[in-house]
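Reading the structure
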Amino acid sequence: MRKNCLRLSKNMVNEDIKIVETDVLVVGGGPAALRAAIEARKEDVGVTVVVKRKLGKSGNAVVSHTGHNAPFGHADPRDNPKVYFHNTIVAGKLVNNQKLVRVMAVEACQRILELESFGVKFEKQNDKFLQRHAPGHTYPRSCYTPRRRGIDVTLPMAKVAKEVGVRVLEETMLVEILHDGLRVLGAVGFNRLTGKIIVFKCRALILATGGAGQIFSATNNTADTTGDGYSIAFNAEVELVDMEFFQFYPHMLTYPFKTLVSPILFKHGAKLLNSEGERFMKRYDPANVDLATRDIKARAMALEVMHGRGIKGGIRLDLSEIEEEKLKVSNPHLYEPIKKKGLDYRKAEFIVYPAAHFYMGGIRINERCETSLKGLYACGEVAGGVHGANRLANNAHTETVVFGARAGKFAARWAKESKIEEIDQKKLYSIKEYIYRIGNGREDLEKHRRRFRESMWRNAGLLRNEKGLKENLEIINECYSQIESIRAENSVKKVEVLEFVNMLNVGKLLTVAALARTESRGAHYRLDYPEIDNKNWLKNIIITKDKRGEPKIRLTEVTKIEESL
Ligand SMILES: Cc1cc2nc3c(=O)[nH]c(=O)nc-3n(C[C@H](O)[C@H](O)[C@H](O)COP(=O)(O)OP(=O)(O)OC[C@H]3O[C@@H](n4cnc5c(N)ncnc54)[C@H](O)[C@@H]3O)c2cc1C
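In this report, the structure presented in the accompanying data block is examined. Throughout, residues of each chain are indexed from 1 in the direction in which the sequence is written. For this predicted model, a pLDDT threshold of at least 70 governs which residues receive local features, and a threshold of 80 or more governs which side-chain atom pairs are given and counted, while totals over whole chains, interfaces and linings are taken from all residues. Only heavy atoms go into the side-chain values, all of them from the structure, while hydrogens and water stay out.

All right, on to unusual backbone geometry then. Residue Tyr255 is joined to Pro256 through a cis peptide bond whose omega torsion reads 10°. Along the chain, the position of Pro256 falls in the loop between β12 (246-255) and β13 (259-260). Positive phi, close to 60°, is recorded for Asp44, a residue that is not glycine. Its relative accessible area of 64% is what places Asp44 among the exposed residues. The backbone of Glu171 sits at a positive phi, close to 55°, despite the residue not being glycine. With respect to the helices, strands and loops of the structure, Glu171 is situated in the loop between β7 (167-169) and β8 (172-179). Glu171 sits in the buried class, given a relative accessible area of 11%. Only DSSP runs of H or I reaching four residues or more are called helices, and only runs of E reaching two or more are called strands; each is numbered from the N terminus. Exposure is judged per residue with a 1.4 Å probe applied to protein chains only, and the accessible area is read against the type maximum: over 50% gives exposed, under 20% gives buried, and values in between give partly exposed.

Each reported salt bridge corresponds to a side-chain nitrogen of Lys or Arg within 4 Å of a carboxyl oxygen of Asp or Glu. This model, assessed by the stated rule, comprises 51 salt bridges. Close ionic contact of Arg111 with Glu107 constitutes a salt bridge, the shortest N to O distance being 3.8 Å. Taken together, the residues span about one helical turn, with Arg111 and Glu107 both in helix α3 (residues 98-117) at a distance of 4 residues. Taken together, the shared-partner salt bridges connect Arg35, Glu39, Lys42, Glu107, Arg111, Glu114 and Arg406 into one network.

Now for the side chain of Asn274. In this fold, Asn274 is placed in the loop between β14 (271-273) and α6 (281-284). Pairs of N or O atoms are called polar contacts if they sit within 3.5 Å, as long as, within protein, a hydrogen donor faces a hydrogen acceptor (for residues adjacent in sequence, only side-chain-to-side-chain pairs). Polar contacts involving the side chain of Asn274 include one to the main-chain amide nitrogen of Glu276, which spans 2.9 Å. If we ignore the near neighbours within four places in the chain, the residues touching Asn274 are Phe280, Arg283, Glu304, Arg309, Ile311 and Ile315. Here a residue-residue contact requires only that any non-hydrogen atoms of the pair lie within 4.5 Å.

For the rest of this paragraph, the subject is the packing of aromatic side chains. Only Phe, Tyr and Trp rings take part, Trp by its six-membered ring, and two of them pair if their centres are within 6.5 Å. Stacked means planes under 30 degrees apart, edge-to-face means over 60, and tilted covers everything else. On inspection of all chains with the given rule, the structure shows 11 aromatic pairs. Plain terms: the ring middles of Phe216 and Phe248 are 5.4 Å apart, the flat faces sit at 75° to each other, and that makes the pair edge-to-face. Pair noted here: Phe216 is in the loop between β10 (196-207) and α5 (228-235) and Phe248 is in strand β12, with a separation of 32 residues, a long-range link. Of the two residues examined, Phe216 and Phe248, each falls in the buried class. Arranged with centres 5.9 Å apart and planes meeting at 40°, the rings of Phe246 and Phe248 form a pair that is tilted. The buried category is assigned to Phe248, whose relative accessible area is 3%. Aromatic ring contacts, followed pair by pair, group Phe216, Tyr230, Phe246, Phe248, Tyr359 and Trp457 into a single cluster.

What follows deals with helix α14 (residues 491-516). With 26 residues, α14 extends 38 Å from end C-alpha to end C-alpha; this agrees with the ideal 38 Å at 1.5 Å per step. Judged by how many residues are buried, α14 sits mostly within the fold: 23 of 26 residues are covered. With a side-chain oxygen lying 3.1 Å from the backbone nitrogen of Val492, the N-terminal cap of α14 falls on Asn490. How far a helix is expected to stretch is found by multiplying one less than its residue total by 1.5 Å.

With that out of the way, let us pick up the environment of Arg102. As for its position among the elements, Arg102 is in helix α3. The spatial distance from the C-alpha of Arg102 to the C-alpha of Trp414 is 23 Å, given a sequence separation of 312 residues. For Arg102, the residues in contact, after removing those within four places along its chain, are Phe85, Ile561, Glu563 and Leu565.

Around the ligand sit 39 residues in total, of which Ser58, Asp224, Asp228, Glu381 and His397 are the nearest. The separation between an oxygen atom of the ligand and a polar main-chain atom of Pro31 is 3.3 Å. Values of accessible area rely on a 1.4 Å probe in the Shrake-Rupley scheme; residue burial ignores everything except the protein chains shown. Taken by itself the ligand offers 1000 Å² of open surface, and the protein chains cover 97% of this. Of all the elements in the fold, those that place two or more residues in the shell around the ligand are α1 (31-42), β8, β16 (351-359) and α10 (395-417). Counting residues per element, the shell around the ligand draws most heavily on α10, at 4 residues. Residues are grouped as follows: nonpolar covers Ala, Val, Leu, Ile, Met, Phe, Trp, Tyr, Cys and Pro; charged covers Asp, Glu, Lys and Arg; every other residue, Gly included, is treated as polar. In the shell around the ligand, the residues fall into 13 nonpolar, 21 polar and 5 charged. Summary of the distance rule: residues count as near a molecule or strand when at least one heavy atom falls within 4 Å of that molecule or strand.

Another aspect to go through is the sheet that holds β13. Spatially, 5 strands are ordered β13-β12-β16-β15-β14 in an open sheet, and the strand pairing comes out antiparallel. Edge positions in the sheet fall to β13 and β14, since each of these pairs with one other strand and no more. Paired strands, in this sense, are two strands between which DSSP finds at least two bridges.

For α5, the buried fraction is high: 7 of the 8 residues fall into the buried class. Burial in α5 covers these residues: Asp228, Gly229, Tyr230, Ser231, Ile232, Ala233 and Phe234. Of the residues trailing α5, Glu237 is marked for its positive phi of about 65°.

Right, here's the structure in full:
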């Protein structure tokens, strides 16, 4: 047990409650939260960032490869926001919120230039961005930092945030939002090291808590990516959209070591082969073959393995025709271990298989990043709608800065117009009781977590059908019934149990939406409904919480723009 947990009472909760008052509360420590916090400060309001781990050193951004799309047209002058908009919608299989995509296409360049002004160094030559060509993009438009390390983006941003006076509370998990049914009043957090409950009183709140890859047993997401924001929003009766759309990154190297294989490599001659040595992608996407978008590739790989044409549970990655310099520059995370292990990459066996990567679905927002609850904003991966049924490579980072800046601006403006209100003590008491109760059982968390995550992967992952999805719901319900029997030895472990409850909630939302969508579209593939159904399903699924606390589904038309860009 950690030293600073010793003062805690038996249920790992420090009895004194800390109260923090702020104009804008930003939740998260990744690029979306950082960009939002910096922008909100420009409006001269007080801004506090609360983050479950460390600012700029947590969340998926830290393991990301730093690709940011922007239609500068430096690699090909024909590129422009209109083509970028079009590529994003086509990849999203026409269910993206077009108003959000337009915002991203139009504002991307400005936001990337701002990142440079914050001290982020992108690869450049003669003052022009070196723009790489990723699958699904008509022109090369991905800008990278030289080392492909996420902290080269987040640490300069964190430095700026501190310089402009953003207050930071680290190691604190936001547990629930406080509201009066009409607007946000504050939130409750729990410090994982001190065991202290923190009550936030605020005028506006921005959720930038990232994705939920940890709900699946196979994922490349960081350990803190447990879907808290979706669960917190659902509990606050906020609308979520497209929760069935979860992206599986097609080529995670599983053998002879583990890393992410960059899509750019397929431009340089990498190939996917099944156990028969066949370039099977020719059957699934004859026009693009190995340069198909992620949804098509991940699904094809899973189907090949399902039909017995896999190798070591995956697919062979053939690097034999790639020039060494291209491998080194475009995928240092792959190249460096190859060199260290003394492998001849032209001859060695490499196996890849998909893993849970990115949540396209999320909290429903408009162009001002407003949610269905007044005073609550969302940005970054936790927000839904931009990417439709499938995200294009390197659109996630662009989304974080474009919508981060918007969330910060509009939340701060809302904050200026509103007051800090008194918090309902009864509600506060019930959240405190919930935190006290969690972790007082005897059972091991990992046993239940493993069962849930494996079921999610098996039943609600790459290949879905009604039977599997229903089985998944049963397993989730059984896990819920075990929550109070789980043990947490200290406040760090208590946070893990709180996270597990969030994971179950998100798993349920995903499964309910996946059951409802009786077609296959983008990353959502139903073996029992294998075709896309534009007649009935050119729609978004909105989920809210009903009076019994269960997910309630309704369908909406896709948000379109009337005039062209
Ligand atoms: C291996 C990998 C490589 C990638 N490469 C790229 C790429 O090259 N280009 C691209 O566009 N995208 C890439 N992505 C996706 C991209 O990294 C994410 O979509 C992006 O980081 C999302 O930013 P965010 O700020 O929304 O969330 P994150 O960066 O995930 O940050 C979320 C933050 O919220 C905090 N948090 C979570 N819950 C709570 C809570 N309850 N209370 C307080 N704090 C909380 C976390 O600790 C973290 O600090 C990659 C992802 C992975 C996994």
